[in-house]
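# Survey of secondary and tertiary structure
Below, each chain spelled out in residue letters.
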Amino acid sequence: MKQIQSVAVFCGSKSGNNPLFEKDTAVLGKLLADAQIKIIYGGGNIGLMGAVANAALANGGIVIGVIPKVLIEWEREHKGLTELTVTDDMHQRKKMMYERCDAAIILPGGYGTLDELFEMLTWNQLNIHNKKICLLNSGNYYRHLASHINEMHKEGFLYENPETRVHLSNTPEELMKELLQME
């Protein structure tokens, strides 16, 4: 398997209520920079998006933002990135992020984050790509989602065991270990 050189990071444009979300996100940004793994993310400078980008940049990391025109004001376009691409729409943004990454990391987030997670999972299932997906379960945030995905498998709605594609980690350190084992 090829070495992981870049990851798409999907996460909230808000920080959430639990301070652990932002803390773990910043630790992950640093760990990715230390491992010289490029981050491709939504291009915002607020919430968990800003936390992962700023932590990576502060530690010498390469951070590539992909933001649709409609979200430049909403997510406060990050002005200090290694590279920033502005797309026409959300679909173009997601497609570009998927094409440029070797794997994906899903941090806590809202509807958009789940949309990105499930689109990647669907594309995996349809063999459009074959990228590993890691969920950072900070503060046990994804416990209900993981349970539901396992229920979908148990009830016969998935074509494969979800554990072959989705890796759940409780800490940034566990996630990095899992990510580096994928190489």
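Conventions adopted
- Residues numbered from 1 in each chain as written.
- Predicted model: local features only at pLDDT ≥ 70, side-chain atom pairs only at ≥ 80, totals over all residues.
- Heavy atoms only, no water.
- Helix = DSSP H or I, 4+ residues; strand = E, 2+ residues; numbered from the N terminus.
- Buried < 20%, exposed > 50% of the residue type's maximum accessible area, 1.4 Å probe, protein only.
- Contact = heavy atoms within 4.5 Å.
- Areas by Shrake-Rupley, 256 points an atom, 1.4 Å probe, with all protein chains shown as cover.
- Pairing = 2+ DSSP bridges.
- Axes fitted to C-alpha atoms, helices over the stretch in contact; angles between N-to-C directions.
- Disulfide = S-S within 2.5 Å.
- Arc of directions from axis to C-beta.
- Polar contact = N/O pair within 3.5 Å; in protein donor to acceptor, adjacent residues only side chain to side chain.
- Phe/Tyr/Trp six-rings, centres within 6.5 Å; stacked < 30°, edge-to-face > 60°.

Turning to the overall build of the chain, a few remarks are in order. A tally of helices and strands in the chain yields six helices and seven strands. Counting only C-alpha atoms, the chain reaches 45 × 35 × 35 Å along its principal axes. For the chain, the proportion of its 183 residues judged to be buried stands at 47%. Relative to all contacts within the chain whose residues are 6 or more apart in sequence, the contacts with residues 24 or more apart total 71%. Total accessible area computed for the chain in this model is approximately 9,300 Å², and 52% of it derives from carbon and sulfur atoms.

Strand pairing in a sheet takes place through backbone hydrogen bonds and is either antiparallel or parallel in direction. Pairing is parallel across the open sheet formed by seven strands, whose spatial order is 4-3-2-1-5-6-7. Either end of the sheet is taken by a strand with one partner, and the two such strands are strand 4 (83–87) and strand 7 (166–169). Ignoring which end each strand starts from, the neighbouring axes of this sheet average 20 degrees apart. Taken strand by strand, helix 4 (residues 111–125) contacts strand 1 (6–10), strand 5 (103–106), strand 6 (132–136) and strand 7, and its axis lies near 150 degrees from that of strand 6.

What follows concerns the state of the cysteines. Applying the stated criterion across every chain yields a total of zero disulfides. Cys11 forms no disulfide, and the closest cysteine sulfur to it belongs to Cys101, at a distance of 14 Å. Given a relative accessible area of 7%, Cys11 falls into the buried group. No disulfide involves Cys134; its nearest neighbouring cysteine sulfur is the one of Cys101, lying 11 Å away.

Taken together, the buried positions of helix 3 (residues 90–100) are occupied by Arg93, Lys94, Met97 and Tyr98. For helix 3, the angular spread of the buried residues around the axis is 125 degrees, confining them to a single face. Those residues of helix 3 that are exposed and angled more than 90 degrees off the buried face are His91 and Glu99. Looking at the buried residues of helix 3, the elements they touch are strand 1, strand 2 (38–41), helix 2 (47–58), strand 3 (63–68), strand 4 and helix 4. Its side-chain oxygen placed 3.1 Å from the backbone nitrogen of His91, Asp89 serves as the N-cap of helix 3.

Time to look at the packing of aromatic side chains. A complete count under the given rule lists four aromatic pairs for this structure. On the numbers, 5.3 Å between centres and 75 degrees between planes, the contact of Phe21 with Tyr141 is edge-to-face. Here Phe21 is found in helix 1 (residues 19–34), whereas its partner Tyr141 is found in the loop between strand 6 and helix 5 (143–154), with 120 residues between them in sequence. You can call Phe21 buried: its relative accessible area is 9%. Between Tyr98 and Trp123, the ring centres sit 4.7 Å apart and the planes meet at 80 degrees, which makes this aromatic pair edge-to-face. Of this pair, Tyr98 sits in helix 3 while Trp123 sits in helix 4, and the two are 25 residues apart along the sequence. With relative accessibility at 1%, the residue Tyr98 sits in the buried group. Clustering of aromatic rings is evident, with ring pairs tying together Phe10, Tyr98 and Trp123.

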